[in-house]
Amino acid sequence: AALSGSLWILPLERVIRYEFTFADQHGSPCRFAGQKDVSPLDLVNTMTVLPGVLYDAHGHELGLAEVRFALSDLPTFLASWRPVFGR
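Residues numbered from 1 in each chain as written. Predicted model: local features only at pLDDT ≥ 70, side-chain atom pairs only at ≥ 80, totals over all residues. Heavy atoms only, no water.

Caption draft 1: Molecular detail of the pattern of salt bridges. Scanning the entire structure with this criterion turns up three salt bridges. Notably, a salt bridge pairs Arg17 with Glu19, separated by 3.2 Å at the nearest N-O pair. A relative accessible area of 25% means that Glu19 is categorised as partly exposed. For Arg31, the salt bridge goes to Glu19, with nearest N and O atoms at 4.0 Å. Placement of the pair is Arg31 in strand E3 (residues 29–37) and Glu19 in strand E2 (residues 15–23), with a sequence separation of 12 residues. (Salt bridge = Lys/Arg side-chain N within 4 Å of Asp/Glu carboxyl O. Buried < 20%, exposed > 50% of the residue type's maximum accessible area, 1.4 Å probe, protein only. Helix = DSSP H or I, 4+ residues; strand = E, 2+ residues; numbered from the N terminus.)

This is the structure in structure tokens:
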């Protein structure tokens, strides 16, 4: 599904936050919010696992998620970024 959202990287706080919206199979809006709390002591796990929550259009929780990223996808992921400064 097409999505729109933001990714915040806060290095001093060791946080990477994801928020995006998309339409479900019936066209209703949904929102995903997740956050990685990066630990230098467990860098691989904290960078490749994203806990999150899925919400419906009214902000009601639909479910919990644990999204896993393959390290081999990192170069493609980084190449897809479009940084925005000053927002």
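Caption draft 2: Just the pairing of strand E4 (residues 49–55), in detail. Counted residue by residue, E4 has five buried out of seven residues, so it is predominantly covered. Judged from the four bridges that link them, E3 and E4 form a sheet pairing that is antiparallel. Directly across from Ala33, in E4, lies its bridge partner Val53. Relative to strand E5 (residues 61–68), E4 runs antiparallel, the two being bridged by seven bridges. Bridge assignment links Pro51 to a residue of E5, and that residue is Glu66. Hairpin remark: E4 followed by E5, antiparallel, with five residues in the connecting loop; positive phi at Gly59, about 85°. (Pairing = 2+ DSSP bridges.)

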